[in-house]
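Structural description and commentary
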Amino acid sequence: MSRYFHSVMLDQDKCKGCTNCIKHCPTEAIRVREGRAVIIEERCIDCGECIRICPNRAKLAITDPLERLADYQYTIALPAPSLYAQFGPEVLPGSIIGALLSMGFDEVYEVAVGAVAVSNALHRYIESQSGHRPVISSACPAVVRLMQVRFPGLLEHIAPVETPMEISARLAREKARQEHDLPDNAIGVFFITPCPAKVTAIKQPFGERSYVDGAFSMSAIYGAVLRHLQDVADAPPDSLSPALGVGWGKTGGENQAIKKHALLAVDGIHNVINVLEEIERGGLTDIHYIEAQACTGGCIGGPLTPQNPFVARVRMERLLKVLAAGERPLPAFPDDPEYYRLAGPIPPRPTLKLSSDINRAIGMLEEVERITAELPGLDCGSCGSPNCRALAEDIVRGYAESSYCVFKLREKLQLLAREIVDLAHKQPPAMGKPEKHSKDSAIQNKNADQQVGRKEGTDL
Amino acid sequence: MEFSVCGMDFNRAGEAAAQIKKALQLVGMHMDTMRRAVIVAYEAELNIVIHARQGRLVAHIHPDRVELEAIDEGPGIPDIPRAMQEGYSTAPAHIRKMGFGAGMGLPNIKKSASQMRLTSEINVGTRLTATIINQTSGD
Ligand code: SF4
Ligand code: SF4
């Protein structure tokens, strides 16, 4: 496997090199070269912003095909809470679970259930910790990866508590093992994902392994779920669907579930960046917990969700009311805080460094400043870099040339054109005939030509 | 690197600090140095925004340290030792209502910087110099 696994990929044939995506990438990880987008692997955080923005549908997320179910003896579906908000008001979680079962899964374990266990663990953690304030949620893998690249100094703020997806997978696996006496490798756990970032979190976890074996894109299986809804229309199976856990699928849901301590919820990757900058400047220490989600509206607005996020939001709110009215008892969860501990440390990804030698890097930074000052500052993106400063950085890193800038190229062309015109006026002395109308000008011309001749002679 | 900062322009407060952080990241400064430099740069920038007509924030980046200079044209500080006390502020009420000017700016700078110098002349302006030593840990 390459150093960084990525779920976000480019479909070469569809990309027109229009430069739309490079301008929206929060880590400046995309360039356009030779008419195609190129993703700088170390910087990409798989947030899926480019998938959303590409007018040609050339950015896509690699998820698993349904055929992978055949690899396992016993398969479990983990529906993300956001899945429930993708259907009309008459479709309740029970029907969705039924549809998943009739599609071929042996069992469904709701991530909303695991989310309640995680909420309790988070509540206990926030209560007990006195260190870095505010604590930042670990749930959105795009935000965690954004922090690795752009806010390494804040990684210590991340709650060392596993995500609802991981905890649900672990609980589901243990349950299946006990109930059906199965070896671990016979069980296949599949997350139904609203985003590519979760796929990356599964394929490249921070700890030794993920408890999840694969991920199906919500949009990709949406049609199949719709079709199978009819199979269970008469008698949908029971669902536990705790309102507090399902609420994790939208902005503010985590805070509601953790209760009293939580204070701030921020969604949309560019808003998240603003809040993280504020924390970096030493602010927001009065806030206990920050729920930060890369997608507008939270996971219901994920790039792999089929429904319009605003419609999904209304459906989610309505569903939460229905669910809150009919709460059912949940299974007992493990008490041991270690059970919920984040599997591994989250290392910084210092991918922005110009050089590993600080002296050299400072020299290069000065060069970046100098080149930036010379560029037009229009940030048009025609050079294939997201803005003029990024182009300057690319030039200094050796990935680009100043002639990539169309304005610089024009300047150079103008100079060249002027030189060509000048040269065109110059004639070899053998051809130059003095003009008749003025004696003085004829002599001047002759002198000028002789000078040129001499100059050219010395140049040669 | 030099940035001009405009008095009362809260919309853009923090922009210079963000640029300085980006530069420190490009250079590969130690994480703690970066964290402290960002706090100093931001508080210094905010001080100009709150108290001065206009000013400049200048960053000099060296392998072993970051030097930040904030020079402003403004009312000046009449009593520097008092201004250094936590919670002492001369910011007017409407600024405090916005959540700024809690009197933590200079103390925060002092806490985060390795060295700090402050000179001020009434009705002329203030000059603040702060140095953050880069503790290289070889990462
Ligand atoms: S948005 Fe990006 S990926 Fe899509 S066509 Fe334009 S350059 Fe290619
Ligand atoms: S907010 Fe949710 S859907 Fe969006 S990137 Fe984060 S985890 Fe994925």
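The text that follows walks through the structure, step by step, so that each part is easy to find. Counting restarts for each chain, with residues numbered from 1 along the sequence as it is written. A letter from A marks each chain and a number from 1 marks each ligand, given out in the order of writing. Local features in a predicted model are, by the rule used here, given only for residues with pLDDT of at least 70; side-chain atom pairs are given and counted only at 80 or more, and totals for whole chains, interfaces and linings are based on all residues. Heavy atoms throughout the structure, all of them, feed into the side-chain values; hydrogens and water do not.

**So, the overall build of chain A**
To qualify as a helix, a DSSP run of H or I must reach at least 4 residues; to qualify as a strand, a run of E must reach at least 2; elements of each kind are numbered from the N terminus. Counting secondary structure elements, chain A contains 16 helices and eleven strands. What the globule rule says is 2.2 Å times the number of residues to the power 0.38, and the radius of gyration is computed from C-alpha atoms. In terms of overall dimensions, chain A is more spread out than a globule: its C-alpha atoms have a radius of gyration of 30 Å, far above the 23 Å expected for 460 residues. Its C-alpha atoms give chain A principal-axis dimensions of roughly 110 × 50 × 40 Å. Only protein chains enter the accessibility calculation, which uses a 1.4 Å probe. A residue is then buried if its area is under 20% of the maximum for its type, exposed if over 50%, and partly exposed in between. The burial tally for chain A puts 53% of its 460 residues in the buried class. Here the Shrake-Rupley method, with its probe set to 1.4 Å, supplies the accessible areas, and only the displayed protein chains count as covering residues. Per element, the accessible surface of chain A, about 21,900 Å² overall, is 52% carbon and sulfur.

**Quick notes on the sheet that holds strand β7 (residues 135-136) of chain A**
Residues and elements named next belong to chain A. On the basis of which strands lie adjacent, the open sheet formed by three strands has the order β7-β11-β10 and parallel pairing. The sheet is open, and its two borders are formed by β7 and β10 (264-267), each paired with just one other strand. Paired strands, as defined in this entry, are two strands with at least two bridges between them according to DSSP. Where β10 meets strand β11 (residues 289-293), four bridges bridge the pair, whose relative direction is parallel. Within β11, the position partnered with Asp 267 by the bridge is Gln 293.

**Quick word on the environment of Leu69(A)**
All names here are of chain A. In this structure, Leu 69 sits in the loop between β4 (59-61) and β5 (74-79). Residue Leu 69 is classed as buried on the basis of its relative accessible area of 14%. Here a residue-residue contact requires only that any non-hydrogen atoms of the pair lie within 4.5 Å. In this structure Leu 69 touches Thr 75, Phe 105, Phe 190 and Phe 216, once residues within four positions along its chain are discounted.

**A closer look at the environment of Val272(A)**
In this fold, Val272(A) is placed in helix α11 (residues 269-280). As a C-alpha pair, Val272(A) and Asn120(A) span 152 residues in sequence and 24 Å in three-dimensional space.

**A look at the site of ligand 1**
Throughout, near means a residue has at least one heavy atom within 4 Å of the molecule or strand. Around ligand 1 there are 14 residues in total, and Cys15(A), Cys18(A), Cys21(A), Cys54(A) and Asn56(A) lie nearest to it. Gly falls in the polar group here, along with every residue not listed as nonpolar (Ala, Val, Leu, Ile, Met, Phe, Trp, Tyr, Cys, Pro) or charged (Asp, Glu, Lys, Arg). Across the shell around ligand 1, the residue classes break down as eight nonpolar, four polar and two charged.

**Re the site of ligand 2**
Surrounding ligand 2, one finds Cys140(A), Pro141(A), Ala142(A), Pro194(A), Cys195(A), Lys198(A), Gln293(A), Ala294(A), Cys295(A), Cys299(A) and Gly302(A). Of the residues in the shell around ligand 2, the class split is eight nonpolar, two polar and one charged.

**Focus: the packing of helix α5 (residues 141-150) of chain A against α11(A)**
Residue and element names in this part refer to chain A. Comment: axis = line fitted to C-alpha atoms, over the contacting stretch for helices; angle = value between 0 and 180 degrees taken between N-to-C directions. Here α5 crosses α11 at 50°, and the two axes come no closer than 11 Å. Between α5 and α11, the interaxial angle falls into the category oblique. Relative to α11, the crossing made by α5 is right-handed. For the pair α5 and α11, the contacting residues are Val 143, Leu 146, Met 147 and Arg 150 in the first and Ile 269, Val 272, Ile 273, Leu 276, Glu 277 and Glu 280 in the second. Class assignment for the residues of the contact of α5 with α11 results in seven nonpolar, no polar and three charged. Oblique is the label for every angle not falling under 35 degrees (roughly parallel), over 145 degrees (roughly antiparallel), or within 65 to 115 degrees (roughly perpendicular). Here is the rule for handedness: rotate from the far helix to the near one, and if that takes an anticlockwise turn smaller than a right angle the crossing is left-handed, while a clockwise turn gives right-handed.

**Focus on the side chain of Thr163(A)**
Residue and element names in this part refer to chain A. Tracing the backbone through its elements, the reader meets Thr 163 in the loop between α5 and α6 (164-180). Look at Thr 163 and you get buried, because its relative accessible area is 11%. If sequence neighbours within four positions are ignored, Thr 163 has contacts with Val 118, Ser 138 and Ala 139.

**Here's the deal with the pattern of salt bridges**
Residues and elements named next belong to chain A. The term salt bridge refers to a side-chain nitrogen of Lys or Arg lying within 4 Å of a carboxyl oxygen of Asp or Glu. Per the stated rule, a full pass over the model turns up 35 salt bridges over all chains. In this structure, Asp 394 and Arg 31 form a salt bridge, with 2.5 Å as the shortest nitrogen-oxygen distance. Residue Asp 394 is located in helix α14 (residues 388-397), and its partner Arg 31 is located in strand β2 (residues 30-33); the two are separated by 363 residues in the primary sequence. For Asp 394, a relative accessible area of 2% translates into the label buried. Accessibility expressed as a relative area gives 5% for Arg 31, which makes it buried. Taking the shortest distance from any N to any O, the salt bridge between Asp 64 and Arg 68 comes out at 3.3 Å.

**Some thoughts on unusual backbone geometry**
Residue and element names in this part refer to chain A. Omega for the peptide link from Arg 133 to Pro 134 comes to -10°, which places this bond in the cis form. Locating Pro 134 in the fold gives a position in the loop between α4 (111-128) and β7. Although it is not a glycine, Asp 181 sits at a positive phi angle of roughly 55°. Within the element layout of this structure, Asp 181 appears in the loop between α6 and β8 (187-193).

**Some points on helix α5 (residues 105-112) of chain B**
Residue and element names in this part refer to chain B. In terms of burial, α5 is largely enclosed, as six of its eight residues are buried. All buried positions along α5 are accounted for by Gly 105, Leu 106, Pro 107, Asn 108, Ile 109 and Ser 112. Buried positions along α5 lie against α2 (31-51), α3 (80-83), β4 (115-121) and β5 (125-133).

**Details of the interface of chain B and chain A**
Across the contact, 22 residues belong to chain B and 24 residues belong to chain A. Summed over both sides, the interface of chain B with chain A buries roughly 1,900 Å², with 63% coming from carbon and sulfur. The buried area of a pairing is the accessible area, by a 1.4 Å probe, that goes missing from both parts when the two are put together, added over both. It is Gln25(B), Leu26(B) and Val27(B) that lose the most area in chain B upon contact with chain A, and together they represent 31% of the buried surface on that side. At the boundary of chain B with chain A, the tally comes to three salt bridges. One salt bridge connects Glu393(A) with Lys22(B), and the closest N-O pair in it is separated by 3.2 Å. Throughout this description, a polar contact denotes any pair of N or O atoms lying within 3.5 Å of each other; where both atoms belong to protein, one of them has to be capable of donating a hydrogen while the other can accept it, and for residues adjacent in sequence the pair is counted only when both atoms sit in side chains. Viewed at the interface, chain A and chain B are joined by six residue pairs in polar contact (both at pLDDT 80 or more). Elements that contribute at least two residues to the side of chain B that touches chain A include exactly α1 (15-27), α2 and β2 (54-62) of chain B. In terms of residue count, α1(B) provides more of the side of chain B that touches chain A than any other element does, seven residues in total. Class assignment for the residues of the side of chain B that touches chain A results in 13 nonpolar, five polar and four charged.

**Let's talk about the pairing of β11(A)**
The two faces of a sheet get side chains in turn, since along a regular strand they alternate between them. Residues and elements named next belong to chain A. Counting buried residues along β11, five of its five residues qualify, which places the element largely inside the surrounding structure. Residues Tyr 289, Glu 291 and Gln 293 of β11 are buried on one face, and the alternating residues Ile 290 and Ala 292, pointing to the opposite face, are buried as well. A clockwise path from the first strand over the helix to the second, with the strands pointing away from the viewer, defines a right-handed crossover. With respect to chirality, the unit in which β10 leads through α11 into the neighbouring parallel β11 is right-handed.

**A word on the packing of aromatic side chains**
Residues and elements named next belong to chain A. Ring geometry is summarised as follows: Phe, Tyr and Trp rings, the Trp one being its six-membered ring, pair when their centres sit within 6.5 Å, and such pairs are stacked at plane angles under 30 degrees, edge-to-face over 60 and tilted between the two. Tallying each qualifying case throughout the model produces six aromatic pairs over all chains. A ring pair is formed by Phe 87 and Tyr 222, whose centres lie 5.1 Å apart and whose planes are at 35°; its orientation type is tilted. Here Tyr 222 lies in helix α8 (residues 218-229) and Phe 87 lies in the loop between β5 and α3 (93-103), a separation of 135 residues in the sequence. The buried category is assigned to Phe 87, whose relative accessible area is 2%. On the basis of an interplanar angle of 65° and a centroid distance of 5.3 Å, the ring pair of Tyr 339 and Tyr 340 is categorised as edge-to-face.

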